[in-house]
Structures are given as C-alpha cells and as structure tokens.
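One letter stands for each residue in the lines below.
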Amino acid sequence: MKTERDLVIIGGGAAGLAAAQYGARANLDTLLIEEMAPGGQALLIDRLENYPGIIEPVNGYDFAETLHTQAENFGAEFLTASVSVLKKEGNFFHIETNEGNFTALAVILATGAVHRHAQVPGEEEFQGRGVSYCATCDGPFFKNKKMLVVGGGDAACDEAMFLSKLAEKVILVHRRDAFRAQKSLASRVLANPKIEVRFNTVVREIKGDTKVSSILLEDLAAKKRYEEAVAAVFVFIGSDPRSALAGEAKRDEGGSLFTDDTMETSVKGLFAAGDVRVSPFRQIVTACSDGAIAAHAAAMHIDEVRETA
C-alpha cells in the first residue's frame, strides 16, 4: 500500500466516512484508517429514522456500509489498523500504525468519543434493547412509555427535557443531592411536570428478558433498594473524546478538540470532525457535515502547501 498520501483520515465513523468521500471527490489521494469496522457508533443503531432524505428507517450497519461503499467508489482507500503515533514535522504529518507508517499533508481526526457507562449488571446486555446513550436517536421508540435518565449534568438535563415530550413519564436519577447542570437548565427540569427527579439515587441493575423492563435503584440517603418498571434507560454521565493523538492541539476541559469553522484545530493542517471536537449537538447528520467541511478545508490547505513549497 502506498505510504505517501495527500490526506489521511483517522477514524471510520460517520464523520470519517463522509470525509473520505469528499476527500476522494476532491481528487485527493485519501486513506482512511480504522481499527475496527467502518461505521463507528452508527453500527449500534437498530433503526435510523432521523437522517434527512431517508424515509424508511434503515439499520445503522446498512447505512454505514452505504457510506463506506460511496467513499470507495470515489477512490478512497481503507486500512484496518491502530494508530499509535501522529506527529507533524514541517509540512508533513507522520502516522505510525501496527500495519505500517504513512505521511500526509493533512490529517482529519474522526476518532469519536466513548460514552461513559454506568457499569452495572444488565447495561451491556440490553444496549440497543432499551439501554441507550442518545435520546434523540432512540427516544421516539419509547413514546408514551416510562423512561429513566441517569445523570446530573447538562447532557442529562437536556435529554430529560427532550424525552419529556415523548414519554408518559421521565424519572431522572442523580447520585448527588444537586444537579451539576447550569442553573437555568436545572430549574426547567425541576419545573417540568413530566419529569420526576430523584437525588441521592443510583442504578444498581438493569433488568429484563429480551428488552429492558425494570431497573433496580438505591436511595443512598435511606439506604434502601427498590425496583422500578421502565421501558428504557438513558445513560448520560459523560463521554470521553478520543483526542490523545492530537498532541498539542487545544482542547476544552473535557478533552474535546477546539476547531474553527473549517474544522481545523490549533495545529495547522490537522482537522477534527464528529464527536472528538467541541460541538453543541452530536448526531450522525452533524458528523457527516463536519467530515465534508473538514475534507473541503483539507483540500484547500493542501493546495496552499503545494503552492508555497
């Protein structure tokens, strides 16, 4: 495989796949490196129904395969490998993987973020069958049913508010005695008649047969455990962006990469797309948009480098 590339994309989720398509369409010699199967978190989606232009819901695997095939048809190449080192020397980026080393004039990091899990029995077993980490993605599947949200920050409160428009009732549990969320947001949650907030409460187990049917909770103040019937459990206790490869690029306090409007980080020629960057809204459609913008900007950056070389 050719080791000198115009553009290397690290990460094969929706953002990376869109970037590969747009990079190849811009006639860039494009390589996408993904350590697992292309598709990222989209592979976990049972029914994707909120992507513009798709009327009939599709499963995440089929959607990811379409993006993968499109990118390949435009000429992007794919490599299954893990990246261990990314460094810049002069105008070139050096990428070291367990399948060989590469150089590129521009790099797009589309490595995503890892949702923090509650680490309780039943969570992994029922993921995609009542356990979710995305209210916008999965909330509509549980309309008019009782749902439970775990967390006490902005994300948990935001998602509880969204779910309250769909659910019969939302129970929000938080292990502390007060929210970590912004006061204005916390106030709206507490004032919402469809949201019941239970502080000093933790999840001990998620139960069900083929799907979630109940959850075992513990009231920490009363030191009492009890079971609650719910149709879905949404976990929002934070996520960890996979930004370690970005080196000295500027990040927020949570580790997400700051970018400008072109998706460029503080390191010239290094772009970020999708969940690894600072963003107010994370969806497949926004990840694809990020990837397209990043690839377009990368092409312009490469032109500048060649003109001044």
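Residues numbered from 1 in each chain as written. Predicted model: local features only at pLDDT ≥ 70, side-chain atom pairs only at ≥ 80, totals over all residues. Heavy atoms only, no water.

Novice: Which residues make up the state of the cysteines, and what values do they have?
Specialist: Formally, a disulfide is one covalent bond, and it connects the sulfur atom of one cysteine to the sulfur atom of another. A complete count under the given rule lists one disulfide for this structure. In this model, C134 is linked to C137 through a disulfide, with the two sulfur atoms separated by 2.2 Å. Disulfide C134 to C137: torsion about the S-S bond roughly 70°, handedness right-handed. Unpaired in terms of disulfides, C157 finds its nearest cysteine sulfur in C134, a separation of 17 Å. In this structure C288 is a free cysteine whose sulfur lies 12 Å from that of C137, the closest cysteine sulfur available. (Disulfide = S-S within 2.5 Å.)

Novice: Could you give an account of empty space enclosed by the protein, naming the residues involved and the relevant values?
Specialist: Under the definition given, this model contains one cavity of 30 Å³ or more. Along the walls of the largest cavity sit G274, D275, S279, F281, R282, Q283, T286, A287 and D290, which together make up its complete lining. Of the residues in the lining of the largest cavity, the class split is two nonpolar, four polar and three charged. (1 Å grid on protein atoms, 1.4 Å probe; cavity = no way out; pocket = protein on both sides within 12 Å on 5 of 7 lines; lining within 4 Å. Points joined across faces, edges and corners; volume = space filled by probe spheres on them. Nonpolar A, V, L, I, M, F, W, Y, C, P; charged D, E, K, R; others polar.)

Novice: Break down the layout of surface pockets for me, with residues and values.
Specialist: Its volume calculated, the second largest pocket comes out at about 160 Å³. If you go around the second largest pocket, you meet 13 residues; those closest to its centre are Q21, Y51, F63, L67 and Q70. Mapped by element, the contributors of at least two residues to the lining of the second largest pocket are helix 1 (14-25), helix 2 (60-73) and helix 6 (284-308). Looking at which element gives the most residues to the lining of the second largest pocket, the answer is helix 2, with five residues. (Helix = DSSP H or I, 4+ residues; strand = E, 2+ residues; numbered from the N terminus.)

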